[in-house]
Amino acid sequence: MKLRIRPPSLHRPSLPISPYHIRTCFQKRWQSVLVNKTYEDAIELLNTFQTPYEVLKERWEKGIKPDENTNNQMRRCLFRLGISQKDLARLNIAHIAGTKGKGSTAAFTSSILTQFSHPGTQPPIPFKIGLFTSPHLISVRERIRINNTPISRELFTKYFFETYNTLSSVKEPEIPVYFRFLTLMSFKVFLKEGVDAAVYETGVGGAYDSTNIIAQPACTGLTKIGLDHIYTLGSTLDSIAWHKAGIQKRDVPSFSVPQGNAGVENVIKKRASEIGAKYRPYIKTLGREQPALDERDGILCEAKVRPDEEWQRENAVLATRLAKRVLRHLKVPITGPARIYFEENVKRGLESVVWRGRCERKEDGDVVWFLDGAHTVDSLTVAAGWFSKETNLRPEGSEEPERVLIFNQSGHREAVALLKHFYEETQKRKKNNRASRIHFDEIIFCPNTQSSSSPSSNSKDFFNAALQNSEEEPLALQHKLAQTWQDLVAAKPETRTEKRAREYGLPEKETVVTVVPSVEDAISAVRKRSVGAKVECFVTGSVHLVGTFIGTLEGVDAV
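My aim in this report is to walk through the structure given alongside it, one point at a time. None of the values given here were measured: they were computed from a predicted structure. (Residues numbered from 1 in each chain as written. Predicted model: local features only at pLDDT ≥ 70, side-chain atom pairs only at ≥ 80, totals over all residues. Heavy atoms only, no water.)

## As for the nonpolar core
Argument step 1. Leu-46, Phe-156, Phe-160, Met-185 and Phe-190 are the most contacted members of the largest nonpolar core, which totals 38 residues.
Argument step 2. Listed by contribution, the elements that provide at least two residues to this core are helix H2 (39–47), helix H4 (72–80), strand E3 (144–146), helix H7 (153–168), helix H8 (178–192) and strand E5 (197–201).
Argument step 3. Here this core gets ten residues from one element, more than from any other, and that element is H8.
Argument step 4. The contacts of Phe-190, once residues within four sequence positions are left out, are Leu-91, Gly-130, Leu-131, Phe-132, Ile-144, Arg-145, Ile-146, Val-195, Ala-198 and Tyr-200.
Argument step 5. In terms of nonpolar packing, the next biggest core, distinct from the first, is built from 34 residues, Phe-116, Phe-127, Ile-129 and Trp-355 among them. (Core = buried A, V, L, I, M, F, W, Y, C linked by side-chain atoms within 4.5 Å. Buried < 20%, exposed > 50% of the residue type's maximum accessible area, 1.4 Å probe, protein only. Helix = DSSP H or I, 4+ residues; strand = E, 2+ residues; numbered from the N terminus. Contact = heavy atoms within 4.5 Å.)

## Description of the state of the cysteines
Among covalent bonds in proteins, the disulfide is the one between the sulfur atoms of two cysteines.
Argument step 1. With the rule as written, the count across this model stands at zero disulfides.
Argument step 2. Not engaged in a disulfide, the cysteine Cys-446 finds its nearest cysteine sulfur in Cys-537; these two sulfurs lie 9.6 Å apart.
Argument step 3. Its relative accessible area of 0% is what places Cys-446 among the buried residues. (Disulfide = S-S within 2.5 Å.)

## Comments concerning the side chain of Thr-376
Argument step 1. With respect to the secondary-structure elements, Thr-376 resides in the loop between strand E12 (367–373) and helix H15 (377–391).
Argument step 2. Thr-376 has contacts with Thr-99, Leu-227, Asp-228 and Leu-418, leaving out every residue within four places of it along the chain.

## Section: unusual backbone geometry
Residues other than glycine predominantly adopt negative phi, and peptide bonds predominantly adopt the trans conformation.
Argument step 1. The step from Ser-134 to Pro-135 runs through a cis peptide bond, and the omega angle for that step is -10 degrees.
Argument step 2. Of note, the bond from Arg-306 into Pro-307 is cis; its omega dihedral lies within 30 degrees of zero at -10 degrees.
Argument step 3. Inspection of the secondary structure puts Pro-307 in the loop between helix H12 (299–302) and helix H13 (310–329).
Argument step 4. Not every positive phi belongs to a glycine, and Asn-147 is a case in point at roughly 50 degrees.
Argument step 5. Tracing the backbone through its elements, the reader meets Asn-147 in the loop between E3 and strand E4 (149–150).

## Brief notes about helix H6 (residues 102–113)
Argument step 1. With twelve residues, H6 extends 16 Å from end C-alpha to end C-alpha; this agrees with the ideal 16 Å at 1.5 Å per step.
Argument step 2. For H6, the buried fraction is high: twelve of the twelve residues fall into the buried class.
Argument step 3. Restricting attention to buried positions, one finds in H6 the residues Lys-102, Gly-103, Ser-104, Thr-105, Ala-106, Ala-107, Phe-108, Thr-109, Ser-110, Ser-111, Ile-112 and Leu-113.
Argument step 4. Buried residues belonging to H6 abut strand E1 (93–97), strand E2 (129–132), E5, H13 and helix H14 (339–351). (Expected span 1.5 Å × (residues − 1).)

## Let's talk about the sheet that holds strand E14 (residues 442–445)
Argument step 1. A sheet is described by the order of its strands in space; here six strands give the open sequence E11-E12-E16-E13-E14-E15, paired in mixed fashion. Of all the strands in the sheet, just strand E11 (360–364) and strand E15 (512–515) have a single pairing partner and so form its edges. The mean angle between the axes of side-by-side strands here comes to 20 degrees, regardless of whether they run parallel or antiparallel.
Argument step 2. Bridge count between strand E13 (residues 402–408) and strand E16 (residues 535–541): seven bridges; the pairing is parallel. Looking at E16, one finds that Val-404 is bridged to Cys-537.
Argument step 3. The sheet contacts of H15 involve E11, E12, E13 and E16, and relative to E12 the element is tilted by about 160 degrees.
Argument step 4. Contacts from helix H17 (residues 476–491) reach E13, E14 and E15 within the one sheet, and its direction differs from that of E15 by about 170 degrees. (Pairing = 2+ DSSP bridges. Axes fitted to C-alpha atoms, helices over the stretch in contact; angles between N-to-C directions.)

See below:
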């Protein structure tokens, strides 16, 4: 077998050749030509790497959970790809874990870093910043971004098959599952494309997450920790915090948002001490009970982050601290005379973030769509509070619009419990006694399927093997959720207002509960309701539902 060796191309004329480019040039084997491979071929093959529902179910029943040996396969594959820990260290990675807000924090961090350029270059050469997040909303390409833009279909196809061919051509082929494969592929993409720094969001947990093979990140960050993936991480906050705090590394600065739970904060500190990480506790707040890095960082109080909530400002603070640490690795001056320049870039970076499907408001004729992917208890609490606040902003005496909920959850074992929690949140009042209970005129439960009339039009990017349960009838989960909501309404105690309305013979506010086979059908139902009426529609629950909704409504292939 002959080796084809081509001179490594420079990714930027004024910067030196990467050692990774040189080494992989010699290690690369000449394999099948990829000219006939398409993006659709890549996605179809990638989907075969997903773990089927039956396998997941068996693991749940047997109590099989990740352990310290989980990432041994990742390390072997990293070696086969010719990527060393020294290569990963050159990516100046900010590594982020948490339950709520880690995606937003990762997006903030990446956006801040893209505002800066290589010091001393004329004309200025902007930094190239990689971003690895999950899950995707519409296209799997969204998981691997450069300068906040999903990589192209061509680049995805190229690096997918390069990674796959390398891992499958050895004597004993070893192809990791979906998320792990994409993690490895992202390393290859970022190294080959010459990114200067990268931001990585964990998938599940932290300690045994596939991203945690990064031995020497520039820094680590922890967003708010709550109950999620309890069948994998444990059923207590302490157990989940132990996993997520496991991304901390020896001698690496570690930051966190205020957790609001002494037990969780103690676990983080203890893990940092055991690992030898340089844990930097959250400092203090500044003005309007909004957080700042220290007494000099009032710039963060001026930045307009979306949504303008305290928890989002906490994420913005964490992102700024992470970006600061990465910029130090990149030798960018941020103190003294350069401080004003730094603050302007931070403000611009925070304000320019558009993180689709998270607390997003979209006006569309007589319909206002409210979108928020929320698949944990804490996320649903925030989502319900955000929707309640947004829809209570109407002027006094204005016409009351009809309200519709489109809901789905992906987890077979947790969906009903999450729906019950969401229902409880919709029945709460604000502290100032202004009514914040949310009444929906119609509730639509639907799967994360684009179209029922034309199944072939459903994008392969939306395929999720963990949801393909052959033991259940189609829409079985959605009918179960619908029945759960009706049971909750029936069991709810009569409120004073409802009692008074009944006594005066006023018509009751009824809720229509329906199940439809696709997102397209749900959108059609809302549009019919909007004929002659204003409608506020809240799309929440599964992140995949929100992504399918955006893709169906806007006809885009990535966001």
